[in-house]
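Secondary and tertiary structure notes
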Amino acid sequence: DTGVSQDPRHKITKRGQNVTFRCDPISEHNRLYWYRQTLGQGPEFLTYFQNEAQLEKSRLLSDRFSAERPKGSFSTLEIQRTEQGDSAMYLCASSLRLAQTDTQYFGPGTRLTVL
Amino acid sequence: AQSVTQLGSHVSVSEGALVLLRCNYSSSVPPYLFWYVQYPNQGLQLLLKYTSAATLVKGINGFEAEFKKSETSFHLTKPSAHMSDAAEYFCAVFITGGGADGLTFGKGTHLIIQP
């Protein structure tokens, strides 16, 4: 158990509905990352926060996706007007940025199925 | 831009045999390299990482990897496979100052252990 938790673990929704996922990082970690993993692929970077600031967004993150990290603690990832192509595992990771690099610790993921 | 190539989407070895999972990277600057393992319906667990110290890196569960700059490789090995090693393995690269602070993952190698 790495200490990163995600909720819910599974979500089934109908096309066009909005969904929101939550990630609770390891408590002292200042960085929080979101990744998407489709079947048979490695995780793809979506976005990350340093404290409460969202510092980078991938091109994969369309305008239907929004992420927040109020107060630099937990984070939410919302997908509006879901499409079948959004079906994937959404992974959250956190790290403590100390020097040139940091180790990212991953949560168990939220598996989204869009019908 | 950095990239990672994992040779072989599936690798099958007998229990007790040597495990070798191949990873090659592409980067114009010295990279940081990681191996993660993913068990079914779980998040990713860090096995080991290379951060420009020793080129031979030892990780958890008896795994190790060697960074070879001349070959741009970071192959993962384990002398004797155990049934519990059956999982998906991902190689990832992180480039500092590359404009993207997320990890770039390979597509993964599914390790099958034959009894």
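Conventions used here
- Residues numbered from 1 in each chain as written.
- Chains lettered and ligands numbered in written order.
- Predicted model: local features only at pLDDT ≥ 70, side-chain atom pairs only at ≥ 80, totals over all residues.
- Heavy atoms only, no water.
- Helix = DSSP H or I, 4+ residues; strand = E, 2+ residues; numbered from the N terminus.
- Contact = heavy atoms within 4.5 Å.
- Salt bridge = Lys/Arg side-chain N within 4 Å of Asp/Glu carboxyl O.
- Buried < 20%, exposed > 50% of the residue type's maximum accessible area, 1.4 Å probe, protein only.
- Phe/Tyr/Trp six-rings, centres within 6.5 Å; stacked < 30°, edge-to-face > 60°.
- Lys NZ or Arg CZ within 6 Å of the ring centre and 35° of its normal.

**Comments concerning the environment of Gly16 of chain A**
Residue and element names in this part refer to chain A. Mapped onto the elements, Gly16 comes out in the loop between strand 2 (10-13) and strand 3 (19-24). Sequence spacing of Gly16 and Glu83 is 67 residues, and the spatial spacing of their C-alpha atoms is 6.4 Å. The contact partners of Gly16, leaving out residues within four places of it in the chain, are Arg81 and Thr82.

**Regarding the pattern of salt bridges**
Applying the stated rule across the entire model yields five salt bridges over all chains. In this structure, the salt-bridge partner of Glu64 of chain B is Lys58 of chain B, at a minimum N-O distance of 2.8 Å. Its salt-bridge partner being Asp85 of chain B, residue Lys78 of chain B comes within 2.8 Å of it at the nearest N-O pair. Like Lys78 of chain B, the residue Asp85 of chain B is buried in the burial classification. Put simply, Arg64, Glu83 and Asp86 of chain A are held in one network by salt bridges that share partners.

**Some remarks on the packing of aromatic side chains**
The full count for this structure, using the stated rule, is 17 aromatic pairs over all chains. For the pair Tyr33 of chain A and Tyr35 of chain A, a centre-to-centre distance of 6.4 Å together with 25 degrees between the ring planes defines the contact as stacked. Like Tyr33 of chain A, the residue Tyr35 of chain A is buried in the burial classification. Summarising the aromatic geometry, the rings of Tyr50 of chain B and Phe74 of chain B are spaced 6.2 Å apart at their centres and angled 50 degrees between planes, so their arrangement reads as tilted. Taken together, the positions of Tyr50 of chain B in strand 5 (residues 44-50) and Phe74 of chain B in strand 8 (residues 73-78) put the pair 24 residues apart, joining distant regions of the chain. Site record: aromatic cluster; members linked through ring pairs are Tyr33, Tyr35, Phe45, Tyr48 and Phe106 of chain A together with Phe34, Tyr36, Phe90 and Phe105 of chain B. Here the basic side chain of Arg22 of chain A rests over the ring of Phe74 of chain A, its NZ or CZ set 3.9 Å away from the ring centre.

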